[in-house]
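# Descriptive analysis of the structure
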Amino acid sequence: MVLSTIELDRVMTYVYAKLSSELTIANRSNELEEYLSKIGCTDCIEKHNTSYLAHNAKILVIGDMNINCKSIKKIAKKCGIKADRIEVISEYEKLTNLNFEKYRNNTNYSDIIIGPTPHKVKGIGGYSSAISMMEHNPEEYPKLIRAETAAGELKLTATSFEAALRQTQQYLGKIN
């Protein structure tokens with residue numbers, strides 16, 4: 001079968017989008033080498049530093065907090081994560097003006113721990129909330145972890161933060 005130039009262009013666009021999505025997921029789940037091997041592209045790894053994320057990726061903590069930043073850093077240290085790897089955005093004014101679009105395909109963050117946030121924020125398109133947008137597009141955002149109480153309530157407390165932190169890629173050793 002021989003495709004016309006236009007048909008081939010459509011196929012190439014589709015394949016590129018699919019590969020791009022799968023590469024992003026494989027990279028975020030620390031399975032990039034395995035994926036590249038599966039598609040016959042292991043030679044790519046030798047040409048690129050695939051571990052650059054390990055040295056500067058941060059965990060972003062977003063939401064109204066019932067814990068102070070000093071306690072957040074202390075819990076991170078207890079879990080073996082350096083305090084400078086944690087970035088916190090908790091002030092209501094900053095949360096309402098935070099454009100979540102800037103985290104799309106952003107490799108500066110390995111994980112986002114999220115607590116209560118305003119439903120209507122910038123950069124969420126037609127989604128009902130930032131959480132909804134990121135959960136519907138996991139391949140485009142850092143790993144999203146909800147900080148929840150034992151009852152399932154979205155809340156950033158010392159206990160819920162530590163539980164969420166222990167689910168991060170950095171804690172699980174996939175990036176750290």
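Quick caveat, the model's predicted, so the values are computed rather than measured.

Turning our attention to the pattern of salt bridges. For the coordinates displayed, the defined rule picks out eight salt bridges. One salt bridge in this structure joins Glu 101 and Arg 104, with 2.8 Å as the shortest N-O distance. When its relative accessible area of 35% is taken as the criterion, Glu 101 is described as partly exposed. Its salt-bridge partner being Arg 146, residue Glu 135 comes within 2.8 Å of it at the nearest N-O pair. Of the two residues, Glu 135 is situated in helix α7 (residues 130–136) and Arg 146 in strand β4 (residues 143–146); the sequence distance between them amounts to eleven residues. Ionic contacts of the salt-bridge type, sharing partners, join the residues Lys 78, Glu 162 and Arg 166 into one network.

With phi around 55°, Asn 105 is a residue other than glycine that occupies positive phi space. Tracing the chain through its elements places Asn 105 in the loop between α6 (92–97) and β3 (109–114).

Another aspect to go through is the side chain of Asn 137. Assignment of secondary structure puts Asn 137 in the loop between α7 and β4. A distance of 2.8 Å separates a polar side-chain atom of Asn 137 from the backbone oxygen of Met 133.

We now examine the pairing of β3. With six of six residues buried, β3 is to be regarded as a mostly interior element. As paired strands, strand β1 (residues 58–62) and β3 are joined by five bridges and run parallel to one another. Counted as the bridge partner of Val 61 is Ile 113 from β3. As paired elements, β3 and β4 share four bridges and run parallel to each other.

Turning to the confidence of the model for the chain, a few remarks are in order. Mean pLDDT over the chain stands at 86; residues scoring 70 or higher make up 91%. At the level of individual helices and strands, the chain shows its lowest average pLDDT in helix α4 (residues 52–56), which scores 54, and its highest in helix α8 (residues 158–165), which scores 96. Across residues 46–54, where pLDDT falls below 50, the model places seven contacts with residues more than four positions away in sequence or in other chains.

Looking now at helix α5 (residues 69–78). Inspection of α5 places Ile 72, Ile 75 and Ala 76 among the buried residues, and these make up the whole buried set. All buried residues of α5 project into a common sector of 100° when viewed along the axis, lining one side. Exposed residues pointing more than 90 degrees away from the buried face of α5 are listed as Lys 70, Lys 74, Lys 77 and Lys 78. Looking at the buried side of α5, the elements it contacts are β2 (86–89) and α8. Where α5 begins, one side-chain oxygen reaches toward the backbone nitrogen of Lys 70, 3.2 Å away; that side chain belongs to Asn 68. Gly 80 occupies a position one or two residues after α5 and carries a positive phi of about 85°.

Here four strands make up an open sheet; going across it, the order is β2-β1-β3-β4 and the pairing parallel. Since the sheet does not close on itself, it has two edges, and those belong to β2 and β4, each with one partner. Across the sheet, the mean angle from the axis of one strand to that of its neighbour is 20°, orientation sign disregarded.

Procedures and definitions
- Residues numbered from 1 in each chain as written.
- Predicted model: local features only at pLDDT ≥ 70, side-chain atom pairs only at ≥ 80, totals over all residues.
- Heavy atoms only, no water.
- Salt bridge = Lys/Arg side-chain N within 4 Å of Asp/Glu carboxyl O.
- Buried < 20%, exposed > 50% of the residue type's maximum accessible area, 1.4 Å probe, protein only.
- Helix = DSSP H or I, 4+ residues; strand = E, 2+ residues; numbered from the N terminus.
- Polar contact = N/O pair within 3.5 Å; in protein donor to acceptor, adjacent residues only side chain to side chain.
- Pairing = 2+ DSSP bridges.
- pLDDT = per-residue confidence, 0-100.
- Contact = heavy atoms within 4.5 Å.
- Arc of directions from axis to C-beta.
- Axes fitted to C-alpha atoms, helices over the stretch in contact; angles between N-to-C directions.

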